[in-house]
Amino acid sequence: MSSTDFMPLDGWDHVELWVGNAKQAAYFYEHAFGFTRTAYAGPETGVRDRASYVVEQGAIRLVLTSGLRSDSEVTQFACRHGDGARDIALQVPSADGAYRTAVQRGARGIAEPHWEEDEFGRVELASIATYGDVVHTFVDRKDYAGPYLPGYRSTVENGQVDSGVGLKALDHVVGNVELGRMNTWVEFYERVFGMTNIVHFGDDQIQTEYSALMSKVMADGSGKIKFPINEPAEGKRKSQIEEYLEFNHGPGVQHIAMQSEDIVAAVTQLKERGVLFLDTPDSYYEEVEGRVGEISEDYTDLKRLKILADRDEDGYLLQIFTKTAQDRPTVFFEVIERHGATTFGEGNFKALFESIEREQALRGNL
Ligand code: FE2
């Protein structure tokens, strides 16, 4: 699409979470989600103010970072927001080019373009701000052959990254923004990234008795990078988006969706490893086959594992949502498997909302 020519994106690079205790968070993502720890930077490698653990599975790269002192920006982020996503980093042909374009189009610069290098080559990095305290780092790593970034030490023992539970790639990363601000951020992604709004749904389409949301999905020209943006909509009681905004102290990343190729096997293993997923009422499975029709999987497996199914004009998808990954009711994960479908499971939103609200009610926040 010509509208994206000014900001070409090559794909996801990583998502960095700023957390209270990265050592323990890394253990959780390794042992519960099946990631392999691949790289580390911290005091032992000459970094004075933080410790970062890189974990990978398929093409997914997460970085868990915590600050070592109370005046660290990482510590202060984790204090204000709880554990959460700080950086949705994107691979670009030129970090300098992407940064200059973004800033010229109205983005706020966070880190000027700069090269980092070590014996494995060099990487160009630059960062801009998006909603809340979240940033996008532009990464040009085509001249780099080391683990993650210069200065990181490889922690892969046999040179192999384990296939884990079979999670393959990032699918989409969702932001929650304040009431009335969704269109501001939709316009930001249009203006700064040349993205287009591929899906939207309003509060007439997604609501339960008590809460509702409005959502628009922004995507780049290739369709690889998808950023849904949610804002709360009026309901009789506090919406899940409002609860998020209260506990996150403002906008931030709501969920990170990861693709699988055998979701029944992946979710079976994740459950065995202790990952907690949202529950779905059995009544959902009475209507799902009639709504979605024939699929390759067995509906009894979906019902047993509480995997959701939906269909659009291009195909079907299977998806399941974890419970929030920390004590604050903020960030959670999604496993999604696409069989042609290009949408996000809108038909499941009502079922999803009802199950999220059961959790919210248990916390006394509904
Ligand atoms: Fe999602």
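Residues numbered from 1 in each chain as written. Predicted model: local features only at pLDDT ≥ 70, side-chain atom pairs only at ≥ 80, totals over all residues. Heavy atoms only, no water.

## A few points about the overall build of the protein
Put simply, the rule reads: The secondary structure listing takes helices from DSSP runs of H or I that are at least 4 residues long and strands from runs of E that are at least 2 residues long, numbered from the N terminus. Using C-alpha atoms as the atom set, the radius of gyration is obtained and then compared with a globule rule of 2.2 Å times the number of residues to the power 0.38. Burial classes: relative accessible area under 20% of the type maximum marks a residue as buried, over 50% as exposed, and values in between as partly exposed (1.4 Å probe, protein chains only). Only heavy atoms matter for contacts: two residues are in contact if any of them lie within 4.5 Å across the pair.
A count of helices and strands for the protein gives 9 helices and 17 strands. By the compact-globule yardstick of 21 Å for 366 residues, the protein fits well, its C-alpha radius of gyration being 20 Å. Along the three orthogonal principal directions, the C-alpha set of the protein runs to about 60 × 45 × 40 Å. For the protein, the proportion of its 366 residues judged to be buried stands at 56%. A separation of at least 24 residues holds for 67% of the contacts in the protein among residues at least 6 apart in sequence.

## A word on the sheet that holds strand S13 (residues 226-233)
The condition that has to hold: Strand pairing is assigned whenever DSSP detects at least two bridges linking the two strands. Axis angles are defined between N-to-C directions and span 0 to 180 degrees, where every axis is a line fitted to C-alpha atoms and, for a helix, only to the segment in contact.
Strand order in the open sheet made by the 8 strands is S11-S12-S13-S10-S14-S17-S16-S15, with mixed pairing throughout. Of all strands in the sheet, those bounded by a partner on one side alone are strand S11 (196-201) and strand S15 (308-312). Taking the axes of each pair of neighbouring strands and ignoring which way they run, one obtains an average angle of 25 degrees across the sheet. The pairing of strand S16 (residues 315-321) with strand S17 (residues 332-339) spans 5 bridges and is classified as antiparallel. By the bridge assignment for S17, Leu 317 is matched with Arg 338. Of the strands in this sheet, strand S12 (212-219) and S13 touch helix H4 (residues 182-193), which is tilted by about 5 degrees from S12.

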